[in-house]
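For reference, the chains in residue letters:
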Amino acid sequence: MLNKAMQDAMNEQINKEMFSSYLYLSMAAYFEDKNLPGFAHWMRVQEAEEREHAMKFYEFILERGGKVTLKAIDAPGTEWTSTLEVAEEVAAHEAKVTSSIYALYELALQEKDYPSQIMLQWFISEQVEEEKNAAEIVANLKLIEDRGTAVLMLDHRLGKRGDD
Ligand code: FEO
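Only a predicted model underlies this, so the values are computations on that prediction, with no experimental measurement involved.

Here is what the cut-offs are and how they apply
- Residues numbered from 1 in each chain as written.
- Predicted model: local features only at pLDDT ≥ 70, side-chain atom pairs only at ≥ 80, totals over all residues.
- Heavy atoms only, no water.
- Axes fitted to C-alpha atoms, helices over the stretch in contact; angles between N-to-C directions.
- Helix = DSSP H or I, 4+ residues; strand = E, 2+ residues; numbered from the N terminus.
- Parallel < 35°, antiparallel > 145°, perpendicular 65-115°, else oblique.
- Nonpolar A, V, L, I, M, F, W, Y, C, P; charged D, E, K, R; others polar.
- Contact = heavy atoms within 4.5 Å.
- Left-handed = near helix turned anticlockwise from the far one by under 90°.
- 1 Å grid on protein atoms, 1.4 Å probe; cavity = no way out; pocket = protein on both sides within 12 Å on 5 of 7 lines; lining within 4 Å.
- Points joined across faces, edges and corners; volume = space filled by probe spheres on them.

1. Description of the packing of helix α1 (residues 4-33) against helix α3 (residues 83-110)
Axis separation between α1 and α3 bottoms out at 11 Å; the angle between their running directions is 170°. By the angle class used here, α1 and α3 are roughly antiparallel. Class assignment for the residues of the contact of α1 with α3 results in 17 nonpolar, 5 polar and 4 charged.

Here it is in structure tokens:
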């Protein structure tokens, strides 16, 4: 049987996963608006994964004889200034999710809740993957941005031809 502290913390985590889903869906809508269907697709896949994460907690609470209690989901942001800004927000958000998974694991250790520890290990591995993917996209976008800057610098230099 799931104890009350663990149940409450897992219900909170359902809310966090649902917020992640809502945030990523909002990012998908942003990319759709910017005519970037590939980025929109990536965010839609992420969004669906977050709902699956929420449902893993949902099912686990039920399996352990607990009660699922859903809370209001905060409104996500809707505007970003660049693709890089979105990717950086995803990376920062995933780091926050990792911290909350670690906090849940700490609680499971403290409560000597062994089934929860096993279940949470899946999430610990998943977060390694999530953070790695987000960091890769940030790095790739920065590379593109740097190249853009190099082209602008060259453009600036070429524009000065004949000045000296
Ligand atoms: Fe549910 Fe992206 O962590």
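2. As for the side chain of Ser 21
Take Ser 21: it is sitting in helix α1. Excluding residues within four positions of it along the chain, Ser 21 makes contact with Glu 47, Glu 50 and Arg 51.

3. Focus: the packing of α1 against helix α4 (residues 114-159)
When two helices pack together, their arrangement is given by the angle between the helix axes and by the axis-to-axis distance. Contact geometry of α1 with α4 gives a least axis separation of 13 Å together with a crossing angle of 20°. Here α1 lies roughly parallel to α4, going by the angle between them. Like other packed secondary-structure pairs, α1 and α4 cross with a definite hand, here left-handed. Residue-level inspection shows Met 6, Met 10 and Glu 17 of α1 in contact with α4, the latter providing Ser 116, Met 119, Leu 120 and Phe 123. Partitioned by chemical class, the residues of the contact of α1 with α4 number 5 nonpolar, 1 polar and 1 charged.

4. Comments concerning empty space enclosed by the protein
Inspection of every chain in the model, using the stated rule, returns 1 cavity of 30 Å³ or more. By volume, the largest cavity is sized at about 30 Å³. Along the walls of the largest cavity sit Trp 42, Gln 46, Val 90, Glu 94, Glu 130, Asn 133 and Ala 134, which together make up its complete lining. Residue assignment for the lining of the largest cavity shows that the elements contributing at least two residues are α2 (37-63), α3 and α4. The residue inventory of the lining of the largest cavity, partitioned by class, reads 3 nonpolar, 2 polar and 2 charged.

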